[in-house]
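Each chain is listed here by its residues.
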Amino acid sequence: MADLGVVATVKLGAAAAMMDLPPDALAGFVDDLLRIVETDRTMMDVVLRLTFNTYRGSSFEDPSLIAGDALFDHVGRTTVRRVLRRVWDHPALPADEHAPGMPLVNLFARP
């Protein structure tokens, strides 16, 4: 994932396989990816796909091959919530993720 010579679409496809990890392990993987985002901001797309499992609605993946839940579905777990907070606080998080009604806004934004 950290290799800048590998195109983003390959990384997106490879990351989809990680959806089968148990929630705490997936949170650890996303945490590692957040460190890579510091040098390669395009990796935030992979982070968000793993966070919300947008692979299920993707045209390039067969939904039956992808896990049915997302990291966000396990927000009650301490490890997962900590990583989601890092995603929320990350400067590379796209502005549209801060729009009212978005999952991380509902979870972390203060009125």
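Structure shown above.
Notes on the structure follow.

Quick notes on the rules
- Residues numbered from 1 in each chain as written.
- Predicted model: local features only at pLDDT ≥ 70, side-chain atom pairs only at ≥ 80, totals over all residues.
- Heavy atoms only, no water.
- Helix = DSSP H or I, 4+ residues; strand = E, 2+ residues; numbered from the N terminus.
- Buried < 20%, exposed > 50% of the residue type's maximum accessible area, 1.4 Å probe, protein only.
- Lys, Arg positive; Asp, Glu negative; His and termini not counted.
- Salt bridge = Lys/Arg side-chain N within 4 Å of Asp/Glu carboxyl O.
- Contact = heavy atoms within 4.5 Å.
- Core = buried A, V, L, I, M, F, W, Y, C linked by side-chain atoms within 4.5 Å.
- Axes fitted to C-alpha atoms, helices over the stretch in contact; angles between N-to-C directions.
- Parallel < 35°, antiparallel > 145°, perpendicular 65-115°, else oblique.
- Left-handed = near helix turned anticlockwise from the far one by under 90°.
- Phe/Tyr/Trp six-rings, centres within 6.5 Å; stacked < 30°, edge-to-face > 60°.

Looking at the side chain of Glu97
Mapped onto the secondary structure, Glu97 falls in the loop between α4 (78–89) and α5 (103–108). Buried charged residue Glu97 carries no salt bridge. Nearest counter-charge: Arg49, at 10 Å.

Comments concerning helix α3 (residues 43–52)
Helical periodicity: at 3.6 residues per turn, an α-helix aligns residues three or four positions apart in one direction. Of all 10 residues in α3, eight are buried; the element is thus mostly enclosed. Those residues of α3 hidden inside the fold are in contact with α1 (8–16), α2 (23–37) and α4. Asn53, located one to two residues past α3, shows a positive phi value of around 50°.

As for the nonpolar core
Ranked by internal contacts, the top residues of the largest apolar core, which has 28 residues, are Leu33, Val47, Leu50, Leu71 and Val87. Sorting the residues of this core by element identifies α1, α2, α3, α4 and α5 as the ones contributing at least two each. A per-element tally of this core places α2 first, with eight residues. If near-sequence neighbours (up to four positions away) are discounted, Val47 is found in contact with Val30, Leu33, Leu34, Val37 and Val87.

A word on the pattern of salt bridges
Per the stated rule, a full pass over the model turns up eight salt bridges. Close ionic contact of Arg82 with Asp31 constitutes a salt bridge, the shortest N to O distance being 3.8 Å. Pair noted here: Arg82 is in helix α4 and Asp31 is in helix α2, with a separation of 51 residues, a long-range link. Overall, Asp31 belongs to the buried group, its relative accessible area being 10%. With a closest N to O distance of 3.4 Å, Arg49 and Asp45 form a salt bridge. Placement of the pair is Arg49 and Asp45 together in helix α3, with a separation of four residues, close to one helical turn. Take Arg49: its relative accessible area is 18%, and that puts it in the buried class. A single network of salt bridges, built from pairs that share partners, joins Asp31, Asp32, Arg35, Arg82 and Arg86.

Quick look at the packing of α1 against α3
In contact at an axis separation of 10 Å, α1 and α3 are set at 25° when each is read in the N-to-C sense. By the angle class used here, α1 and α3 are roughly parallel. The crossing of α1 and α3 is right-handed. Residues Lys11, Leu12 and Ala15 of α1 form the contact with α3, whose own contacting residues are Met43, Asp45, Val46, Arg49 and Leu50.

With respect to the packing of aromatic side chains
Per the counting criterion, the structure on display carries two aromatic pairs. Measuring from ring centre to ring centre gives 5.6 Å for Phe52 and Phe72, while their planes differ by 45°; the resulting arrangement is tilted. Taken as a pair, Phe52 in helix α3 and Phe72 in the loop between α3 and α4 lie far apart in primary sequence, 20 residues in all.

These results come straight from atomic positions and should not be treated as a statement about function.
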